[in-house]
Amino acid sequence: MIIPTTYQAALLLTLLSMICWGSWANTFKLAAPWRFELYYFDYAVGVVVAAVIAALTFGTMGIELSFVDNMSVIGRRPIVYALAAGVIFNLANMLLVAAISLAGMAVAFPVGIGLALVIGVALNYAINPQANPNLLAAGVALVVVAIVLDAMAYRAHSAAQPLSGKTKTKPGWKGIVLSLVSGVLMGSFYPLVELSKQGDIPLGPYSVAFCFSFGVLFSTFVFNIYFINLPVHGEAVDIRQYVRGSAGQHLLGLAGGILWSIGAISNFVAAAAPREVQVGPAVSYAMGQGATMVSAMWGLLVWKEFAGAGPRVRILLALMMLLFLAGLTLVSLAPKYAS
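What comes next is a walk through the structure. (Residues numbered from 1 in each chain as written. Predicted model: local features only at pLDDT ≥ 70, side-chain atom pairs only at ≥ 80, totals over all residues. Heavy atoms only, no water.)

### Observations regarding the overall build of the chain
As a reminder, the rule being used: A helix here means a DSSP run of H or I that spans at least four residues, while a strand means a run of E at least two residues long, and both kinds are numbered starting from the N terminus. C-alpha atoms define the radius of gyration in this analysis, and the globule rule sets the expected value at 2.2 Å times the number of residues to the power 0.38. The cut-offs for exposure are 20% and 50% of the maximum accessible area for each residue type, with area from a 1.4 Å probe on protein chains only; residues under the lower value are buried, those over the upper are exposed, and the others partly exposed.
Secondary structure summary: the chain contains 13 helices and 0 strands in total. Helices and strands appear in the chain in the N-to-C order α-α-α-α-α-α-α-α-α-α-α-α-α. For 339 residues, the compact-globule estimate of 2.2 N^0.38 gives 20 Å, and the C-alpha radius of gyration of the chain, at 20 Å, lies within 12% of that figure. By its C-alpha atoms, the chain is 65 × 50 × 30 Å across when sized along the principal axes. Burial status across the chain gives 51% buried among its 339 residues.

### Structural notes on the nonpolar core
Condition: Residues enter a nonpolar core if they are buried and are Ala, Val, Leu, Ile, Met, Phe, Trp, Tyr or Cys, with the set joined through side-chain atoms within 4.5 Å.
Judged by nonpolar contacts, the single largest core of 56 residues is most densely connected at Y43, F89, F212, F227, W260 and F268. Looking at this core, the elements with two or more residues in it are α3 (36–56), α5 (76–103), α6 (105–127), α8 (173–196), α9 (205–229) and α10 (247–271). Counting residues in each nonpolar core, the second largest holds 35 residues, with A10, A131, A296 and V331 among its members.

### Focus: the packing of aromatic side chains
The geometry of an aromatic ring pair is captured by the separation of the ring centres together with the interplanar angle, meaning the angle of the planes. Where we set the bar: Classification of ring pairs rests on two measures: the distance between centres of Phe, Tyr or Trp rings, Trp counted by its six-membered ring, which must be within 6.5 Å, and the angle between planes, read as stacked under 30 degrees, edge-to-face over 60 and tilted in between.
Scanning the model with the defined rule gives 21 aromatic pairs in all. Grouping aromatic residues by their ring pairs yields a cluster made of W21, F89, F189, Y190, F212, W260 and F268.

### Concerning the packing of α9 against α10
For clarity, the threshold we go by: Fitting a line to C-alpha atoms yields each axis, with helices limited to the stretch in contact; the angle taken between N-to-C directions then spans 0 to 180 degrees. Put simply, a crossing is left-handed when the front helix is turned counterclockwise from the back one by less than a right angle, and right-handed when it is turned clockwise. Any two residues whose heavy atoms approach within 4.5 Å are treated as being in contact. Under the convention adopted here, Pro, Cys and the residues Ala, Val, Leu, Ile, Met, Phe, Trp and Tyr are nonpolar, Asp, Glu, Lys and Arg are charged, and Gly plus all remaining residues are polar.
Packing of α9 against α10 leaves a shortest axis separation of 8 Å and a crossing angle of 145 degrees. The two elements α9 and α10 cross, and the hand of that crossing is right-handed. In this structure, α9 contributes P205, Y206, V208, A209 and F212 to the contact, and α10 contributes W260, I265, F268 and V269. Of the residues assigned to the contact of α9 with α10, the class counts are 9 nonpolar, no polar and no charged.

What follows is the structure in structure tokens.
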């Protein structure tokens, strides 16, 4: 299998992961008014397609143990860890989308992903400490502050918009609770990924992605039974609407899953680099969660979510970007100064 042999290559893979994880949701917006419950079926298939292709190509090249050989000698426990990680992530991701439909991005993303960042980095560092804890903590703190500023910008901009005949209300507790649950779950899946790579014969990064993707696929059909029949927002979904979707909507769902999976594979491969050039799981996870800021930039530059924003909102956005870049820099330097 192919893995990075330099720190720069590993860091670039984590940046690719951040971009992919922050960009896949654009396919859902392009598929509107396609319900997320229906979109998610194609999304889950796309996650598997990308993982299988990567495993049978990059996972079989090079001089390291190939994907097929790895899977033939691996024990049951690492596979269970990777499958469980896929299931937990999938539920967290679906709950996050549900929270957005109730409370909006201004609450769901900062609360959910912010909590996931704190939990995930702490757990990953506890399991496998491979970075300077002071730099890592400072970088994470700056990213968290940036996330809070992003939320403040969303709220200020939303409050300044005309009512257009609709009464504005504060986000309900249901959306906030869903965000919190999503954050706890989102922060818990990556340590399971790390556990699947430990032991006498651990899973390689492409094997992890392969097993993880099937955890996503299988759990989608289970979780969507609930979301389709008892949606957290709107009317129940008629499953027959899935076959009535356009080819474009189905392709967008596949593209979203493929894009997210590329990000996950890049993240796993970066964390599997030789120890002397490895970014480390805590750093890799933190960089991946920077996707929240990437999503904000898509909304700002492409979807024009801040069109007509006032001076206060623009200042908050500028500070958010600066703090995010500063935090990202500290996180990326943390492995170089490990104590």
